[in-house]
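In case you want the letters, here they are:
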Amino acid sequence: MGEFKVHRVRFFNYVPSGIRCVAYNNQSNRLAVSRTDGTVEIYNLSANYFQEKFFPGHESRATEALCWAEGQRLFSAGLNGEIMEYDLQALNIKYAMDAFGGPIWSMAASPSGSQLLVGCEDGSVKLFQITPDKIQFERNFDRQKSRILSLSWHPSGTHIAAGSIDYISVFDVKSGSAVHKMIVDRQYMGVSKRKCIVWGVAFLSDGTIISVDSAGKVQFWDSATGTLVKSHLIANADVQSIAVADQEDSFVVGTAEGTVFHFQLVPVTSNSSEKQWVRTKPFQHHTHDVRTVAHSPTALISGGTDTHLVFRPLMEKVEVKNYDAALRKITFPHRCLISCSKKRQLLLFQFAHHLELWRLGSTVATGKNGDTLPLSKNADHLLHLKTKGPENIICSCISPCGSWIAYSTVSRFFLYRLNYEHDNISLKRVSKMPAFLRSALQILFSEDSTKLFVASNQGALHIVQLSGGSFKHLHAFQPQSGTVEAMCLLAVSPDGNWLAASGTSAGVHVYNVKQLKVFEYSIPDKQYTDWSRTVQKQGFHHLWLQRDTPITHISFHPKRPMHILLHDAYMFCIIDKSLPLPNDKTLLYNPFPPTNESDVIRRRTAHAFKISKIYKPLLFMDLLDERTLVAVERPLDDIIAQLPPPIKKKKFGT
């Protein structure tokens, strides 16, 4: 593996936005997540829960509801009063439509997926028909006296339940009329509250309506008679969210205390056919409000103010030692927010509305393996570059030479030239950037910093020549006729001759930058390498396959072609292709035999995978030179310290 000097960076003051909504798609096994800054993320649960797509946030979009309809169509709605549909291929907003009911608090797709309901600030429930290209307003239901905070369809599609302040309404879908109005109890711990907010409702096949509210209660109602059947007081604070399994045999709720409760439908007695709802398992994986929950076939999913997306496996539903058996807590985006200028030892940090440029510290001290060396010069914060307007930054990059910075929002593309004079830095914006570069999903500079590669959300890959303080558009690789596949990942070869790109369909395209031709997987033999074929034949170690976080960065050692460097959030690994792959009988995470062993034994027990778990959570790691690494960590305690204080729970004996 060799020894490296490691710059251990902890001054990237990044705080993810809180999670507001989640929506699970059973057909595709994907999860949509919306955050408080308007960002929407798509996770592929079949691909090690990888965040495969994202839509950048916007200051005016406070998303309050998210749902899938007609299979693979994704909609959101929020406090700006608009319903939006997302283009999952081009990775942009397909359209936005005003519902004309004020802020939208809730949304639900019909069981058939052909209709969409929204609940509005003015007390209206609006029904929309989902057409092939858009949505079309159909009609209003009877208007209520207060905002509609939650909605749920009966599985037959004939009735809906709507939660408001102090009551629940049941509507007949055909007529749009309210057939029942159920008043919720304002009592909270024996004291009458001023109002009771019904944060969530779920309509079951047998006509039962389950509600959760601000009085800390989970209640069961008979929709046919409009009466309360049973009530569970489960929290000393709001119960804010509910999700039911497709089989309607379990459901999950989340509270403002950070607790997630699991309810299951179980027989009253061992031999009884009669069943009842029982609270079976409480989970405490959050420090703050659990604003939203979902229920997949194998897991309880939750998210909230503490920014964590948590997957709690239902062990009775999953295979042992399967990917789905791991408790997962996803905090950071899987896309890279950090780029590096190796020549000038600079790091560019991307935030929602600004960029920061830092120069790494340095030391003249020496030491042995494992020592922490004192800095002779501290890291310098060189630049704070703030964007104008409400749009979040999509992507950014600094050139290897440190003389260029580029970033993109949905509507604009920015390129800056940097000049360094002693300890001073000056910045000049390159004007008149072409419109086709805007809404770039990925930006990358060549190793010699003479070319800029830009992946647009329309599927095109642009090559821009950089010279002095100017630019020239050289070429655009266009997508195949009739397809619009956004390219989410880019990589360029060290000599700048080859550009690899991967899109939303997970295919890999390889471009010859000199000859301006396209290949598939082909450099230059158009086939997998011998090492790749060995991996496919032998397979990976079982512990490697059980990792619960995806690889987020891969690079190659410039001087050692047999070494592959990669990392996820909790480990850094160097794969030495000259050594044998580990088998399941080999110790994966401790491949170094004692130093007093003979060279023969050391060689016999060594294998290709050299793994370090020192650095975590690891947002970025790369080589600065052949003997120097930079690792950017973001300790979770630092993030929690910047969040608003959680609800204080009284502990026993205090």
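Residues numbered from 1 in each chain as written. Predicted model: local features only at pLDDT ≥ 70, side-chain atom pairs only at ≥ 80, totals over all residues. Heavy atoms only, no water.

### Digging into the overall build of the protein chain
Counting secondary structure elements, the protein chain contains 4 helices and 53 strands. In summary, the protein chain has a C-alpha radius of gyration of 27 Å against a globular reference of 26 Å for 654 residues, a match within 12%. Each of the 654 residues in the protein chain was classed as buried or not, and the buried ones make up 54%. Here the analysis covers contacts within the protein chain between residues at least 6 apart in sequence; of these, 48% occur between residues at least 24 apart. Summing over all exposed atoms, the protein chain offers an accessible surface of approximately 30,200 Å²; the carbon and sulfur share of this is 51%. Here the protein chain holds 72 positive side-chain charges and 58 negative ones, and the gap between their average locations is 4 Å. (Helix = DSSP H or I, 4+ residues; strand = E, 2+ residues; numbered from the N terminus. Rg over C-alpha atoms; globule rule 2.2 N^0.38 Å. Buried < 20%, exposed > 50% of the residue type's maximum accessible area, 1.4 Å probe, protein only. Contact = heavy atoms within 4.5 Å. Areas by Shrake-Rupley, 256 points an atom, 1.4 Å probe, with all protein chains shown as cover. Lys, Arg positive; Asp, Glu negative; His and termini not counted. Charge placed at Lys NZ, Arg CZ, Asp CG, Glu CD.)

### Topic: the pairing of strand β48 (residues 553-556)
Here β48 runs beside strand β49 (residues 563-567); their pairing, made up of 4 bridges, is antiparallel. When the bridges of β49 are listed, Ser555 appears paired with Leu565. In this structure, the hairpin formed by β48 and β49 is closed by a connection of 6 residues. (Pairing = 2+ DSSP bridges.)

### Brief notes about the side chain of Ser449
One can find Ser449 in the loop between β40 (440-445) and β41 (451-456). Among the residues examined, Ser449 registers a relative accessible area of 5% and is labelled buried. Here Cys401 takes part through its backbone nitrogen, which lies 3.0 Å from a polar atom of the side chain of Ser449. Filtering out sequence-adjacent residues up to four positions away, Ser449 remains in contact with Ser399, Pro400, Cys401, Trp404 and Leu466. (Polar contact = N/O pair within 3.5 Å; in protein donor to acceptor, adjacent residues only side chain to side chain.)

### Digging into the packing of aromatic side chains
By the definition in use, this model includes 19 aromatic pairs. Geometrically, the ring pair formed by Phe477 and Tyr511 is tilted, given 4.4 Å between the ring centres and 40° between the ring planes. Remark: Tyr511 occurs in strand β46 (residues 508-512) and Phe477 occurs in strand β43 (residues 470-477); sequence separation between them is 34 residues. Using a relative accessible area of 4% as the deciding quantity, one classes Phe477 as buried. (Phe/Tyr/Trp six-rings, centres within 6.5 Å; stacked < 30°, edge-to-face > 60°.)

### So, the nonpolar core
One finds Leu74, Phe413, Leu415, Ile443, Phe445 and Leu452 to be the most contacted residues of the largest nonpolar core, which totals 35 residues. It is β40 that provides the largest number of residues to this core, a total of 4 residues. Excluding residues that lie within four positions of it along the chain, Phe445 makes contacts with Cys397, Ile398, Ser399, Pro400, Trp404, Ala406, Leu415, Lys451, Leu452, Phe453, Leu466 and Val492. (Core = buried A, V, L, I, M, F, W, Y, C linked by side-chain atoms within 4.5 Å.)

### Let's talk about the pattern of salt bridges
Applying the stated criterion across every chain yields a total of 15 salt bridges. Note that Arg30 is salt-bridged to Glu52, the shortest N-O span being 2.4 Å. Residue Arg30 is found in strand β3 (residues 30-35), and its partner Glu52 is found in strand β5 (residues 50-55); the two are separated by 22 residues along the sequence. The salt bridge partner of Arg143 is Asp122, with a shortest N-O separation of 3.3 Å. With a gap of 21 residues between them, Arg143 in the loop between β13 (135-140) and β14 (150-153) and Asp122 in the loop between β11 (115-120) and β12 (125-130) connect regions that are remote in the sequence. Using a relative accessible area of 27% as the deciding quantity, one classes Asp122 as partly exposed. Because the salt bridges share partners, they merge into one network encompassing Glu70, Arg73, Glu85 and Lys94. (Salt bridge = Lys/Arg side-chain N within 4 Å of Asp/Glu carboxyl O.)

### A short note on the sheet that holds strand β2 (residues 19-25)
The 4 strands are arranged β2-β3-β4-β5 in an open sheet whose pairing can be described as antiparallel. At either end of the open sheet lies a strand with only one pairing partner, and these are β2 and β5. Strand-to-strand twist of the sheet, defined as the mean angle between neighbouring strand axes without regard to direction, takes the value 20°. Both β2 and β3 contribute to a ladder of 6 bridges, which runs antiparallel. Across the sheet, the residue bridging to Tyr24 is Leu31, located in β3. (Axes fitted to C-alpha atoms, helices over the stretch in contact; angles between N-to-C directions.)

### Observations regarding unusual backbone geometry
Residues Lys616 and Pro617 are joined by a peptide bond in cis, for which omega reads -15°. By secondary structure assignment, the location of Pro617 is in the loop between β51 (609-612) and β52 (618-625). Although it is not a glycine, Thr307 sits at a positive phi angle of roughly 75°. Assessed through its relative accessible area of 1%, Thr307 is described here as buried.

### Description of the sheet that holds β41
Ordered by their spatial adjacency, 4 strands build an open sheet running β40-β41-β42-β43, and the pairing between neighbours is antiparallel. Of all strands in the sheet, those with a lone pairing partner are β40 and β43, marking the two edges. With strand direction ignored, the average angle separating the axes of adjacent strands in the sheet is 20°. Pairing between strand β42 (residues 461-467) and β43: 7 bridges, direction antiparallel. Bridge assignment links Gln465 to a residue of β43, and that residue is Lys472.

### Remarks on the environment of Ser211
Here Ser211 lies in strand β21 (residues 208-213). It is 7.9 Å that separates the C-alpha atoms of Ser211 and Gly163, two residues lying 48 residues apart in sequence. The contacts of Ser211, once residues within four sequence positions are left out, are Ile168, Val198, Gly200, Val201, Lys217, Val218, Gln219 and Trp221. A polar side-chain atom of Ser211 sits 3.0 Å from a polar atom in the side chain of Trp221.

### Overview of the confidence of the model for the protein chain
With 93% of its residues at a pLDDT of 70 or more, the protein chain shows a mean pLDDT of 89. In the predicted structure, residues 520-524 sits below a pLDDT of 50 and forms 11 contacts with residues beyond four places in sequence or in another chain. Low pLDDT, under 50, characterises residues 650-654; the predicted model gives this stretch 0 contacts beyond four residues in sequence or across chains. (pLDDT = per-residue confidence, 0-100.)

### Focus on the pairing of β46
In terms of burial, β46 is a largely internal element, 4 of the 5 residues being buried. Strand direction decides the pairing type here: strand β45 (residues 498-503) and β46, joined by 5 bridges, are antiparallel. Across the sheet, the residue bridging to Ala501 is His509, located in β46.

### A look at empty space enclosed by the protein
One pass over the full model with this rule turns up 3 cavities of 30 Å³ or more. Computed from the structure, the largest cavity encloses a volume of approximately 40 Å³. Around the largest cavity sit Arg61, Ala62, Thr63, Ser76, Ala77, Gly78, Asn80 and Met84, which together line it. Residue contributions to the lining of the largest cavity peak at 3 residues, all from strand β7 (residues 73-78). Of the residues belonging to the lining of the largest cavity, the class tally is 3 nonpolar, 4 polar and 1 charged. (1 Å grid on protein atoms, 1.4 Å probe; cavity = no way out; pocket = protein on both sides within 12 Å on 5 of 7 lines; lining within 4 Å. Points joined across faces, edges and corners; volume = space filled by probe spheres on them. Nonpolar A, V, L, I, M, F, W, Y, C, P; charged D, E, K, R; others polar.)

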